[in-house]
Amino acid sequence: MICIQDLSFTYKNGTEPALREVSLTLPDGDFLGVIGPAGAGKTTLTRAIAGMIPHHYTGDYYGSVTVNGLDTVETPLDQISRLVGTVFQDVESQIISPVVEDEMLYGLENFGVPRAEIPRRLEEALGMVGIADLRERSIASLSGGQRQKVAIASILALKPQILVLDEPTGELDPRSSRQIFTLLRKLNEEQGITVIIVEQKIMLLCEFARHLAVLNEGRVMRQGEVREVLAHAEDLEAAGVNCPRVTTYSRALSARLGERQPVCVDLDEAEALTRRLMK
Ligand SMILES: Nc1ncnc2c1ncn2[C@@H]1O[C@H](COP(=O)(O)OP(=O)(O)OP(=O)(O)O)[C@@H](O)[C@H]1O
Ligand SMILES: [Mg+2]
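Everything quoted here is computed from the prediction, not taken from an experiment. (Residues numbered from 1 in each chain as written. Chains lettered and ligands numbered in written order. Predicted model: local features only at pLDDT ≥ 70, side-chain atom pairs only at ≥ 80, totals over all residues. Heavy atoms only, no water.)

Asks: Looking at this structure, how should I read the overall build of the protein?
Replies: For the protein, the count of helices and strands is 13 helices and ten strands. For the C-alpha atoms alone, the extent of the protein along its principal axes is close to 65 × 45 × 30 Å. Across the 279 residues of the protein, 51% fall into the buried class. Sequence-distant contacts in the protein: of pairs separated by 6 or more residues, those separated by 24 or more amount to 60%. Total accessible area on the protein stands at roughly 13700 Å², and carbon and sulfur atoms take up 49% of it. (Helix = DSSP H or I, 4+ residues; strand = E, 2+ residues; numbered from the N terminus. Buried < 20%, exposed > 50% of the residue type's maximum accessible area, 1.4 Å probe, protein only. Contact = heavy atoms within 4.5 Å. Areas by Shrake-Rupley, 256 points an atom, 1.4 Å probe, with all protein chains shown as cover.)

Set out below in structure tokens:
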């Protein structure tokens, strides 16, 4: 379980708090989507969960974050890293080796994974992300999307219980983005891995996430099940967050017909609603 209580944080060289009295509780096995406009504090929240705040980024820190009962302030960063695997928004700063395989080995060796187990872990993680063919490639020769996949595979190879991904599909095409979400769902459902993902592709996010947290100016302006949060579409739009088109569509349709209908979160629901209202 991850428990964030009244967390406020101002970066050492910052003037305004990046997070303000944030409280969120995530049960084991949750799948949380984090959305919000630029500068809302999404990345800062992921850093706090991963313990990089306050261990790596210092500043004024109030409140608490516990991960599986460990207070992230008191727990050494390397211990938190064994629980929480993070894919950074800035993938370039995450990748340190010149070749894909070395990049993955670096993490595995650092974690002291037994030698005999390493080849299997490598193959498994590359296969899951669908980049077995990139294993011997130099990082410099890869596209942005391929680098993103390498960063994801490197983290998966370490088998964290909690996965924090900060806009991991930013450079990926729609098909690869869906593949990553499908993989995350599989890890979440089959292995109970907790997934926390910051994502701009709202439609995809709403299809896969169980809960949503909407950040705005460092505060959590809404949190709850995807459908509950989308029901407050006006608030989200006021904060500069787009709702999935099907949600906007279903709200407009219900309004036009003067009926209150639950919001739709995917195409199937929008189709069913349309058919019902057309009868
Ligand atoms: N390393 C840092 N040092 C100082 N201030 C920072 C640092 N990182 C972020 N900030 C500030 O903290 C606030 C929240 O930034 P954050 O990166 O968490 O937002 P975000 O929601 O992830 O934005 P984006 O959508 O652009 O990725 C911003 O005002 C930003 O300028
Ligand atoms: Mg960010």
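On we go.
Asks: What should I look at first to understand the site of ligand 1 in this one?
Replies: Surveying the vicinity of ligand 1 reveals 15 residues, the closest of which are Gly-39, Lys-42, Thr-43, Thr-44 and Gln-89. Within the side chain of Thr-44, a nitrogen or oxygen atom sits 2.5 Å from an oxygen atom of ligand 1. Coverage of ligand 1 by the protein amounts to 65% of the 630 Å² it exposes when considered alone. Across the shell around ligand 1, the residue classes tally to six nonpolar, six polar and three charged. (Near = heavy atom within 4 Å. Polar contact = N/O pair within 3.5 Å; in protein donor to acceptor, adjacent residues only side chain to side chain. Nonpolar A, V, L, I, M, F, W, Y, C, P; charged D, E, K, R; others polar.)

Asks: Even after reading the chapter, I still don't get the packing of aromatic side chains, so can you show me in this structure?
Replies: Two measures describe an aromatic ring pair: the distance that separates the ring centres and the angle between the ring planes. Overall, the coordinates contain four aromatic pairs when judged by the stated rule. Both rings, one in Phe-9 and one in Tyr-11, keep their centres 5.0 Å apart while their planes meet at 80 degrees; by these two values the pair is edge-to-face. Across the pair, exposure class does not vary: Phe-9 and Tyr-11 are buried alike. Chaining the aromatic ring pairs together yields one cluster made of Phe-9, Tyr-11, Tyr-57 and Tyr-61. Seen from the ring of Tyr-57, Arg-47 lies directly overhead, with NZ or CZ sitting 4.1 Å from the centre. In this structure, Arg-82 is placed above the aromatic ring of Phe-111, and the distance from its NZ or CZ to the ring centre is 4.7 Å. (Phe/Tyr/Trp six-rings, centres within 6.5 Å; stacked < 30°, edge-to-face > 60°. Lys NZ or Arg CZ within 6 Å of the ring centre and 35° of its normal.)

Asks: What should I look at first to understand the coordination of the magnesium ion (ligand 2) in this one?
Replies: Angles between donor atoms at a metal ideally measure 109.5 degrees for a four-coordinate tetrahedral arrangement and either 90 or 180 degrees for a six-coordinate octahedral one. Every protein donor of the magnesium ion (ligand 2) is accounted for by Thr-43 (OG1) and Gln-89 (OE1), and the metal-donor separations fall at 2.0 to 2.2 Å. Here Thr-43 is found in helix α1 (residues 42–49), whereas its partner Gln-89 is found in the loop between β6 (84–87) and α4 (91–94), with 46 residues between them in sequence. For Gln-89, a relative accessible area of 41% puts it in the partly exposed group. (Donors = N, O, S within 2.8 Å, 3.2 Å for Na, K, Ca; no water.)

Asks: Sorry, what's going on with the environment of Ala-125 here?
Replies: Along the chain, Ala-125 turns up in helix α6 (residues 118–129). Take Ala-125: its relative accessible area is 1%, and that puts it in the buried class. C-alpha separation for the pair Ala-125 and Leu-158, spaced 33 residues apart in sequence, amounts to 8.9 Å. Apart from residues no more than four positions distant in its own chain, Ala-125 is found in contact with Met-104, Ala-153, Leu-156 and Ala-157.

Asks: Looking at this structure, I do not really get the packing of helix α7 (residues 144–156) against helix α8 (residues 174–191). What am I missing?
Replies: For any two helices packed against each other, one specifies the inter-axial angle together with the distance between the axes. Running from N to C, α7 and α8 point in directions that differ by 10 degrees, and their axes come no closer than 12 Å. By the criterion of interaxial angle, the relationship of α7 to α8 is roughly parallel. Facing Lys-149, Ile-152 and Leu-156 of α7, the residues of α8 in contact are Ser-176, Gln-179, Ile-180, Leu-183 and Leu-187. (Axes fitted to C-alpha atoms, helices over the stretch in contact; angles between N-to-C directions. Parallel < 35°, antiparallel > 145°, perpendicular 65-115°, else oblique.)

Asks: Which parts of the structure should I look at to understand the sheet that holds strand β3 (residues 31–35)?
Replies: Strand pairing in a sheet relies on backbone hydrogen bonds. The paired strands run either parallel or antiparallel. Taken in spatial order, the six strands of this open sheet run β6-β7-β8-β3-β9-β10, and their pairing is mixed. Looking at which strands have only one partner, the edges of the open sheet turn out to be β6 and β10 (219–225). Neighbouring strand axes in the sheet, compared pairwise and without regard to direction, differ in orientation by 15 degrees on average. The sheet contact formed by β3 and strand β8 (residues 194–198) spans four bridges and is parallel. Considered in β8, the bridge of Leu-32 is made with Ile-196. Its contacts with the sheet place α7 against β6 and β7 (162–166), and it is angled at close to 175 degrees to β6. (Pairing = 2+ DSSP bridges.)

Asks: In this structure, what is going on with unusual backbone geometry? I would like to understand it.
Replies: In most cases, non-glycine residues show a negative phi, while peptide bonds are predominantly trans. Here the bond from Ile-53 into Pro-54 is cis, since omega is 10 degrees, no more than 30 degrees from zero. Along the chain, Pro-54 falls in helix α2 (residues 52–55). The residue Asn-68 is not glycine, and still its phi comes out positive at about 45 degrees. Secondary-structure assignment places Asn-68 in the loop between β4 (59–67) and β5 (70–71). One non-glycine residue, Lys-159, lies in positive phi territory at about 50 degrees. Counting through the fold element by element, Lys-159 comes out in the loop between α7 and β7. Lys-159 sits in the partly exposed class, given a relative accessible area of 42%.

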